[in-house]
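Descriptive analysis of the structure
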Amino acid sequence: MTRVNILKDAGRTHADDGAPVCIHFAMGKCALGSECSYKHQIPTEDDERRTGLTQDVFGRERYKTDRDDMGGVGNFSKENRTLYLGGLKTEVPVPEMETSLRKHFGEFGELEYVRVLAGRGIGFVRYRLRTAAEFAKVAMGDQTLDHGEVLNVRWAYTDPNPIAKAHEEQATASQFINAVERRVQTVCCYIVPVNIDQS
């Protein structure tokens, strides 16, 4: 199994600024290297702003609903930045496992929280940026951690916590408003002012 090494694999490609991130780079197996027409980098704030509601960081179409198994690209009707991690070793102490998850998943973007459920073999990581979560989901799918476990990485279901729900709704509304503003700016760029002579 290959795995992306950000320090070694990231670099300049033939991609322009608006190009998506290379999904093969995220999986650690882009054969084109610097000749690739997609970006070889972890997602940035600019990528987050440029990525629309209907596409993921790799340029794939997002759908109205999630797949039944919570795999796939996610959906555009909610802003999911939390990953479900299955297959964790239950005999590893929770603090040690959380440290391992922070180390491995922190490579792909800023984490808001990491949580491991004791004795259940599952955990959750939440990213600040949706695009970082999308990248990490692809990069860490079926990968191993420090204790030999093989990860099952999926989108997490919505957090039932009312505070988390309110924060999620606010983030989704903000992203929608930003998308509309970008669209209006694009349309306004094509309007040519006409001078009317009033003499």
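Summarised in this report is the structure supplied together with it. (Residues numbered from 1 in each chain as written. Predicted model: local features only at pLDDT ≥ 70, side-chain atom pairs only at ≥ 80, totals over all residues. Heavy atoms only, no water.)

Regarding the overall build of the chain
For the chain, the helix and strand inventory stands at six helices and four strands. Going from the N terminus to the C terminus, the chain shows its helices and strands as α-α-α-β-α-β-β-α-β-α. Of all 199 residues assigned to the chain, the portion counted as buried reaches 37%. Look at the contacts in the chain between residues 6 or more apart in sequence, and 60% of them connect residues 24 or more apart. For the chain, the accessible surface area stands at approximately 11800 Å², while carbon and sulfur atoms represent 54% of it. (Helix = DSSP H or I, 4+ residues; strand = E, 2+ residues; numbered from the N terminus. Buried < 20%, exposed > 50% of the residue type's maximum accessible area, 1.4 Å probe, protein only. Contact = heavy atoms within 4.5 Å. Areas by Shrake-Rupley, 256 points an atom, 1.4 Å probe, with all protein chains shown as cover.)

Structural notes on the environment of Gly109
Its location among the elements puts Gly109 in the loop between helix H4 (94-105) and strand S2 (111-117). For Gly109, a relative accessible area of 19% puts it in the buried group. Considering only alpha carbons, one finds Gly109 and Leu129, 20 residues apart in sequence, at a separation of 7.5 Å. Aside from chain neighbours lying at most four places away, what touches Gly109 is Tyr127 and Ala132.

Here we look at the pairing of strand S1 (residues 82-86)
A large share of S1 lies buried, amounting to four of its five residues. Where S1 and strand S4 (residues 152-155) come together, four bridges link them in antiparallel fashion. Across the sheet, residue Leu85 finds its bridge partner in S4, namely Val153. (Pairing = 2+ DSSP bridges.)

Side note on the side chain of Asp56
Structurally, Asp56 is set in the loop between helix H3 (45-50) and S1. At 3.0 Å, the side chain of Asp56 forms a polar contact with the backbone nitrogen of Phe58. Excluding its chain neighbours within four sequence positions, the residues that come into contact with Asp56 are Thr51, Arg62, Val73 and Glu134. (Polar contact = N/O pair within 3.5 Å; in protein donor to acceptor, adjacent residues only side chain to side chain.)

With respect to unusual backbone geometry
Despite not being glycine, Asp142 shows a phi value in the positive range, around 65 degrees. Mapped onto the fold, Asp142 is located in the loop between helix H5 (130-140) and S4.

Things to note about the sheet that holds strand S3 (residues 122-127)
Judged by pairing direction, the sheet is antiparallel, and its four strands sit side by side in the order S2-S3-S1-S4 without closing on themselves. With one partner strand each, in any of the chains shown, S2 and S4 form the two edges of the open sheet. Going across the sheet, the axis of each strand differs from the next one's by a mean of 20 degrees, ignoring polarity. Note that S2 and S3 share six bridges and pair antiparallel. The residue of S3 that forms the bridge with Val114 is Val125. (Axes fitted to C-alpha atoms, helices over the stretch in contact; angles between N-to-C directions.)

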